[in-house]
Structures are given as structure tokens and as C-alpha cells.
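# A structural walkthrough
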Amino acid sequence: MIYFSGTVITDDGAVEGYVSLEGGAVAEVSEGKCPVQPLATGIIVPPMVDGHTHCADSGLMAPKEISLCELVGPDGLKERYLKKSSPEKIACDMKYFSKLARMNGIGTFIDFREGGVEGSMLLREAVPEAFILGRPSSPEFDPNELDEILRYADGIQLSGINDVPASYSEAVADYTVRSGKMFAIHASEGSREDIDSILALSPSFVVHMASAERSDLIRCADEDVPIVSCPRSNRFFGLTPPLAMMKECNNTVVLGTDNAMLCAPDMREEAREYCSILGDLKVDQENLWGAMVSNGRKLLYDGKRIGLRPGMDADIAVLPSEDWTAAGMLRSSERILRYRQRKKG
Ligand SMILES: [Zn+2]
């Protein structure tokens, strides 16, 4: 039996206590003092879900002064880079990205994968554990292409409602949702977009809302549509996501690290930016654990697999903390420990 002690993120929130692992499973999650010397102490969490990535561009170094459109817009630097790079090079970059993510305590990442069928196939082969949302490349709605993408991807995404005709986004979203798959979309990143048109697509979540107004956030909360926020990426483009307003509106917020060319897959770094924008390192802890750990798992898993509990696979991350608090975790520069124990037999 191996023990870890500190603050444990459970299905019922954070508790001060310990976790034990045995035979490839979580054996015990208890409040109180650890009965033996623990292997490590800190904030003990299940593997995190990085709510939004574009892992294929991890081999590109983005210049410091570049606009959103010049970097990721049509025929922008990223699109030209992906076109000229070989599939072998992109696959290699994706594998490296996933290794970094693993080391940072991330169990899976929700990747907005460009490049149609080939793009999703490439990521599935390179990183089997990735949660892939593929993007169709056909300019016309093509259900056969969506079916092909869904052989490799877990769902479909679009870059934004203003990038394609409304009839196209409606047909793609409708087909995806009717197929029982996840649909998601970037929303109001650099400029405000019509929230009613976005929510009419029945997205499982929207990404960014950095330029949204209060009424848009209220609509998302009313419709129970989570917001994946990527504060470091937004800041790079001079945008500040309205995180305080999201908190006031009771939005479910999930952190994502966005373009790999801008930000490493590191949820602790993302959480630092999140807290710096909220302006108070004493952000209430439940809110921080929600955005960093629990809400991302809620997006992908059923309600019983959000926090640590007995019977789960022995796969945990320990976030070092100077004092076992969220603020102490954000101050710490020690490496995150990912600990996995394989099942016997
Ligand atoms: Zn994105």
C-alpha cells in the first residue's frame, strides 16, 4: 500500500486527508492524518482534463507581436505551417506535446484538430488517449466526411460561426448531435458573436467567450453550457477573459491551454493566469479546483468519476504546495508528480 497525503480532491470537494493505492486501484480516500509516512504530500487530484488544445502546432514558435488573425486566421501563419509540415513531423510534435501533458498531471486533452479526416486520423494514431474533436475540411456540408472523421474523433468542432455560412454550421452541428457525438465551437474570442446563433447549435461547450458580455454569459449559464477559458492564450492577443463576471453569472468554467505554439500543456500555469486575472490568489478554492480539475472531468466523464474515490484506477497527480492550499500550490515551482500503478495480472 502506498500513501499520499494533503488536500484531496474528491467527488464531494476538497478534504484534508490522504489517499492510498494498492493493486492498481485507489484503495482508500480518507479525511484526517495519514497513518504512515506518505510517498508525497501536496494537492492530490485525479488526472486533469486540458479543456482546449491545438497540439499539432507545438513545433511552431509564434512571433511575439502578431495578431489573432495573422496567426490563426485563414491563410495565417499556423495554417501555412501545418500545410508545409510533413505528417511525420506533426505526429512527432503531437507525441512530444502529450508527453509534456502527462508529466504535468494531464490525463487527456480535448483537441480541436484541423485537417479533416487525415488530421483526426494522425492524432488518433500518435496519441490514442487524446479526446479529439475533428474539423471538416469540405467547403460544403458532407455527412460522409463527418462519418469518416468520427471513425477517429470523439466529436466535431468548428472554428467559429462567422467563419462559415450559417446553413453549414447548422447542418454540421445538427448531424453531429444527432449522431450522439460531441459538438463544440470557439465563441466570442476576439470579438463578440451572437450567442443565440451559437447556442442554437447545441454545443457541449463553447471556447473562449473573452469578448462576451454579461447577457451572453447569463445565456450560457441558463442553458447549462460550460465555457472553456484559455486565459494565457487570450492574454497573448491582448484580451482579458471576463472571469469575474463568469463567476458572478455562475458559469461552469473549464481551463484550457489552447494553441501549443503559445502555451505548454500546463494547467498549473493556466490556473496562475486565471487567478491573476481574478485578482486574488485567495480565489475561493472550490472555484479554482472546479476550473482546473473537476469541471474538465465533468465534460468527459459521468458524475461518479469527477474526484478521487476508492475503486478508481490508481492514477493520480500530486500538485506540490507550500502549505497545502491553492495559493501555496500556485506559488510552488516544484515539479508536479504523476503517479500511476498498473493493475496486477
Ligand atoms: Zn482554439
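Rules behind the numbers
Residues numbered from 1 in each chain as written. Predicted model: local features only at pLDDT ≥ 70, side-chain atom pairs only at ≥ 80, totals over all residues. Heavy atoms only, no water. Helix = DSSP H or I, 4+ residues; strand = E, 2+ residues; numbered from the N terminus. Rg over C-alpha atoms; globule rule 2.2 N^0.38 Å. Buried < 20%, exposed > 50% of the residue type's maximum accessible area, 1.4 Å probe, protein only. Contact = heavy atoms within 4.5 Å. Lys, Arg positive; Asp, Glu negative; His and termini not counted. Charge placed at Lys NZ, Arg CZ, Asp CG, Glu CD. Donors = N, O, S within 2.8 Å, 3.2 Å for Na, K, Ca; no water. Domains from an automatic or database assignment. Buried area = accessible area lost by both parts, 1.4 Å probe. Pairing = 2+ DSSP bridges. Axes fitted to C-alpha atoms, helices over the stretch in contact; angles between N-to-C directions. Right-handed = clockwise from strand over helix to strand, strands pointing away. Parallel < 35°, antiparallel > 145°, perpendicular 65-115°, else oblique. Left-handed = near helix turned anticlockwise from the far one by under 90°. Nonpolar A, V, L, I, M, F, W, Y, C, P; charged D, E, K, R; others polar. Expected span 1.5 Å × (residues − 1).

## Description of the overall build of the protein chain
Looking only at helices and strands, one finds 13 helices and 15 strands in the protein chain. Expected size for 345 residues packed as a compact globule is a radius of gyration near 20 Å; at 20 Å, the protein chain falls within 12% of this value. A principal-axis box enclosing the C-alpha atoms of the protein chain has dimensions of 60 × 45 × 40 Å. Buried positions account for 58% of the 345 residues belonging to the protein chain. By sequence separation, contacts in the protein chain at least 24 residues apart represent 64% of the contacts at least 6 residues apart. In the protein chain, 37 side chains carry a positive charge and 52 a negative one; their mean positions are 7 Å apart.

## Some remarks on the coordination of the zinc ion
Summarising the metal site, the zinc ion is bound by the protein donors His 52 (NE2), His 54 (NE2) and His 186 (NE2), whose distances to it range over 2.0 to 2.1 Å. Exposure remark for His 54: the relative accessible area of 4% places this residue in the buried category.

## So, the domain arrangement of the protein chain
The domain boundaries assigned to the protein chain delineate domain 1 (2–46 + 307–340) and domain 2 (48–300). The C-alpha centroid of domain 2 is placed 28 Å from the C-alpha centroid of domain 1. The interface of domain 1 with domain 2 comprises 22 residues on the first partner and 20 residues on the second. Of the roughly 1800 Å² buried between domain 1 and domain 2, counting both surfaces, carbon and sulfur atoms make up 64%.

## Overview of the environment of Ala 91
Counting through the fold element by element, Ala 91 comes out in helix α3 (residues 87–103). For Ala 91, a relative accessible area of 14% gives the class buried. With residues near it in sequence (within four places) discarded, Ala 91 still touches Leu 122 and Ala 126.

## Structural notes on the sheet that holds strand β7 (residues 131–134)
Strand order in this open sheet of 9 strands is β12-β11-β10-β9-β8-β7-β6-β5-β13, and the pairing throughout is parallel. The open sheet is flanked by β12 (253–255) and β13 (258–259), the only strands paired with a single partner. The sheet contact formed by strand β5 (residues 48–54) and β13 spans 2 bridges and is parallel. The residue of β13 that forms the bridge with Thr 53 is Asp 258. Packing of helix α11 (residues 267–278) onto the sheet brings it into contact with β5, β6 (106–113) and β12, and relative to β12 it is tilted by some 130°.

## What about the pairing of strand β9 (residues 182–187)?
The element β9 is largely enclosed, with a buried count of 6 among its 6 residues. Neither face of β9 is open: one carries Met 182, Ala 184 and His 186, the other Phe 183, Ile 185 and Ala 187, and all of them are buried. The sheet contact formed by strand β8 (residues 155–158) and β9 spans 4 bridges and is parallel. Note on β9: the bridge partner recorded for Leu 158 is Ile 185. Of the crossover connections in this fold, the one passing from β8 over helix α6 (residues 166–178) to the parallel β9 is right-handed. Bridge count for β9 against strand β10 (residues 205–208) is 4 bridges, and the pairing is parallel.

## Concerning the packing of α11 against helix α12 (residues 285–300)
Helices that pack against each other are described as a pair by the angle of their axes relative to one another and the distance between those axes. Remark: α11 packs on α12, axes separated minimally by 10 Å, with the N-to-C direction vectors making an angle of 135°. On the basis of their axis angle, the class for α11 and α12 is oblique. The handedness of the crossing between α11 and α12 is right-handed. Contact with α11, carried on its side by Met 267, Arg 268, Ala 271, Tyr 274, Cys 275 and Leu 278, involves Asn 287, Leu 288, Ala 291 and Met 292 of α12 and no other residues of that element. Across the contact of α11 with α12, the residue classes break down as 8 nonpolar, 1 polar and 1 charged.

## Some remarks on α3
With 17 residues, α3 should cover 24 Å at 1.5 Å per step; its first-to-last C-alpha distance of 24 Å lies within 8% of that length. Tucked into the core, α3 has its buried residues touching β5, α2 (77–84), β6 and α4 (116–126). With its phi angle positive at about 85°, Gly 105 sits one or two positions after the end of α3.

## Concerning unusual backbone geometry
Positive phi values are uncommon outside glycine, yet Asp 224 reaches one of about 60°. Among the secondary structure elements, Asp 224 is positioned in the loop between α8 (214–222) and β11 (227–229). For Asp 224, a relative accessible area of 63% gives the class exposed. A positive phi angle, near 60°, is found at Asp 258, a position not held by glycine. Topologically, Asp 258 is positioned in strand β13. Classification of Asp 258 by relative accessible area gives buried; the value is 1%.

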